[in-house]
Amino acid sequence: EVQLVESGGGLVKPGGSLRLSCAASGFTFSSYSMNWVRQAPGKGLEWVSSISSSSSYIYYADSVKGRFTISRDNAKNSLYLQMNSLRAEDTAVYYCARVSYRSPDYWGQGTLVTVSS
Amino acid sequence: DVVMTQSPLSLPVTLGQPASISCRSSQSLVYSDGNTYLNWFQQRPGQSPRRLIYKVSNRDSGVPDRFSGSGSGTDFTLKISRVEAEDVGVYYCMQGTLLFTFGPGTKVDIK
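Residues numbered from 1 in each chain as written. Chains lettered and ligands numbered in written order. Predicted model: local features only at pLDDT ≥ 70, side-chain atom pairs only at ≥ 80, totals over all residues. Heavy atoms only, no water.

**Considering the overall build of chain A**
Point 1. Helix and strand content of chain A: zero helices and 11 strands.
Point 2. For 117 residues, the compact-globule estimate of 2.2 N^0.38 gives 13 Å, and the C-alpha radius of gyration of chain A, at 13 Å, lies within 12% of that figure.
Point 3. A principal-axis box enclosing the C-alpha atoms of chain A has dimensions of 40 × 25 × 25 Å.
Point 4. For chain A, the share of sequence-separated contacts (at least 6 apart) that also reach a separation of at least 24 residues comes to 52%.
Point 5. With the model as given, the accessible surface of chain A reaches about 5300 Å², and the carbon-plus-sulfur share is 47%.
Point 6. Computing the positive centroid from 11 side-chain charges and the negative centroid from 8, chain A places the two 5 Å apart. (Helix = DSSP H or I, 4+ residues; strand = E, 2+ residues; numbered from the N terminus. Rg over C-alpha atoms; globule rule 2.2 N^0.38 Å. Contact = heavy atoms within 4.5 Å. Areas by Shrake-Rupley, 256 points an atom, 1.4 Å probe, with all protein chains shown as cover. Lys, Arg positive; Asp, Glu negative; His and termini not counted. Charge placed at Lys NZ, Arg CZ, Asp CG, Glu CD.)

**Remarks on the nonpolar core**
Point 1. Counting 26 residues, the largest nonpolar core has Trp 36, Phe 68, Leu 79, Leu 81, Met 83 and Tyr 94 of chain A as the members making the most contacts within it.
Point 2. Only strand E3 (18-25), strand E4 (34-39), strand E5 (45-51), strand E7 (68-73), strand E8 (78-83), strand E9 (92-100) and strand E11 (111-115) of chain A provide two or more residues apiece to this core.
Point 3. If you tally residues by element for this core, the top one is E3 of chain A, at four residues.
Point 4. Beyond its immediate sequence surroundings of up to four residues, Leu 81 of chain A is in contact with Leu 18, Arg 19, Leu 20, Trp 36, Val 48, Phe 68, Thr 69, Ile 70 and Tyr 94 of chain A.
Point 5. Within the second largest apolar cluster, 22 residues are counted, among which are Met 4, Val 13, Val 56 and Val 83 of chain B. (Core = buried A, V, L, I, M, F, W, Y, C linked by side-chain atoms within 4.5 Å. Buried < 20%, exposed > 50% of the residue type's maximum accessible area, 1.4 Å probe, protein only.)

**Observations concerning the side chain of Gln 43 of chain B**
Point 1. Here Gln 43 of chain B lies in strand E4 (residues 38-43).
Point 2. At a separation of 3.4 Å, a polar atom in the side chain of Gln 43 of chain B contacts the side chain of Tyr 95 of chain A.
Point 3. In this structure, Gln 43 of chain B is in contact with Gln 39, Leu 45 and Tyr 95 of chain A together with Ser 48, Pro 49, Gly 89, Val 90 and Tyr 92 of chain B, ignoring residues within four places of it in sequence. (Polar contact = N/O pair within 3.5 Å; in protein donor to acceptor, adjacent residues only side chain to side chain.)

**Overview of the interface of chain B and chain A**
Point 1. Contacts between the two partners involve 19 residues from chain B and, on the opposite side, 21 residues from chain A.
Point 2. Together, Arg 51, Phe 100 and Phe 102 of chain B form the three largest contributors to the area buried by chain B at its contact with chain A, with a combined 35%.
Point 3. Taken together, chain B and chain A are joined by 10 residue pairs in polar contact (both at pLDDT 80 or more).
Point 4. Mapped onto the side of chain B that touches chain A, the elements with two or more residues apiece are E4, strand E5 (50-54) and strand E9 (89-95) of chain B.
Point 5. Element by element, the count of residues in the side of chain B that touches chain A is highest for E4 of chain B, at three residues.
Point 6. Residues that form the side of chain B that touches chain A fall into these classes: 10 nonpolar, six polar and three charged. (Buried area = accessible area lost by both parts, 1.4 Å probe. Nonpolar A, V, L, I, M, F, W, Y, C, P; charged D, E, K, R; others polar.)

**Details of the pairing of E7 of chain A**
Residue and element names in this part refer to chain A.
Point 1. Of the two faces of E7, the one holding Phe 68, Ile 70 and Arg 72 is buried and the one holding Thr 69, Ser 71 and Asp 73 is not buried anywhere.
Point 2. With six bridges connecting them, E7 and E8 associate as antiparallel partners. Among the inter-strand pairings, Thr 69 is bridged to a residue of E8, identified as Gln 82.
Point 3. Hairpin geometry of E7 and E8 is characterised by an intervening segment of four residues between the two adjacent antiparallel strands and by a positive phi of about 50 degrees at Asn 77. (Pairing = 2+ DSSP bridges.)

**As for the state of the cysteines**
Point 1. Applying the stated rule across the entire model yields two disulfides over all chains.
Point 2. Linked covalently through their sulfurs, Cys 22 of chain A and Cys 96 of chain A form a disulfide whose S-S length is 1.9 Å. Residue Cys 22 of chain A is found in strand E3, and its partner Cys 96 of chain A is found in strand E9; the two are separated by 74 residues along the sequence. Of the two residues, Cys 22 of chain A and Cys 96 of chain A, both sit in the buried class.
Point 3. Linked covalently through their sulfurs, Cys 23 of chain B and Cys 93 of chain B form a disulfide whose S-S length is 2.1 Å. One disulfide, between Cys 23 of chain B and Cys 93 of chain B, carries an S-S torsion of 75 degrees and so falls in the right-handed class. One end of the pair, Cys 23 of chain B, is in strand E3 (residues 19-25); the other, Cys 93 of chain B, is in strand E9, and 70 residues separate them in sequence.
Point 4. A relative accessible area of 0% means that Cys 23 of chain B is categorised as buried.
Point 5. Under the relative-accessibility criterion, Cys 93 of chain B is labelled buried at 0%. (Disulfide = S-S within 2.5 Å.)

**Thoughts on the packing of aromatic side chains**
Point 1. For the coordinates displayed, the defined rule picks out 10 aromatic pairs over all chains.
Point 2. Ring geometry for Trp 47 of chain A and Phe 100 of chain B: centres 5.6 Å apart, planes at 45 degrees, overall tilted. Within this pair, whereas Trp 47 of chain A is found in strand E5, its partner Phe 100 of chain B is found in the loop between E9 and strand E10 (101-102), the two belonging to separate chains.
Point 3. Among the residues examined, Trp 47 of chain A registers a relative accessible area of 6% and is labelled buried.
Point 4. An aromatic cluster is defined as three or more aromatic residues linked by ring pairs; in this entry it consists of Tyr 95 and Trp 107 of chain A together with Phe 41 and Phe 102 of chain B.
Point 5. The aromatic ring of Phe 27 of chain A is capped on one face by Arg 98 of chain A, whose charged end is 5.0 Å from the ring centroid. (Phe/Tyr/Trp six-rings, centres within 6.5 Å; stacked < 30°, edge-to-face > 60°. Lys NZ or Arg CZ within 6 Å of the ring centre and 35° of its normal.)

Dropping the structure here:
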């Protein structure tokens, strides 16, 4: 069974940093691209970042480019999102998701990031 | 950037009746490999999103056959043949042809 478990969310002040993790199991992690997708409270889904299976290709939404860094450790079956210079508008539930057919097919339960003073 | 629009944004439905959601993209979603990467997701209240349909019309494993997807180019449709109570939630289209973009979502609830 595919499982994705996010962690690392919490309350952080504007300008602060946070590192999210996603532990994957139930599939060959090193064979799949992965995404981070977020959802602000009461709002829709927003794609944040993607990383290919071998980390060769990395993409970011314009809203986070230059502030967020996606990475992965295939030996540890883990996906990460380093978030710096956080803003109030980054407040959201952050989901990690496996990608197949250029689309997230399995999603984690999400981790809440709140940016507030 | 590709912009995705959906209509309607709110869809009250009667149990047992059909429902349809439209999704349009600002440019063609045909990828260089010939495939069209248009997907549909369901998000039930309090749950993570779930993919229903990939590449326009392919149902994911476990998705009831009352859900179907169709369309081409820039115009796409998700149809529910007979709405059930468990179908309440928000439905998003999403393109994966040029990076990823979600539509604004359509809230489906029971009349």
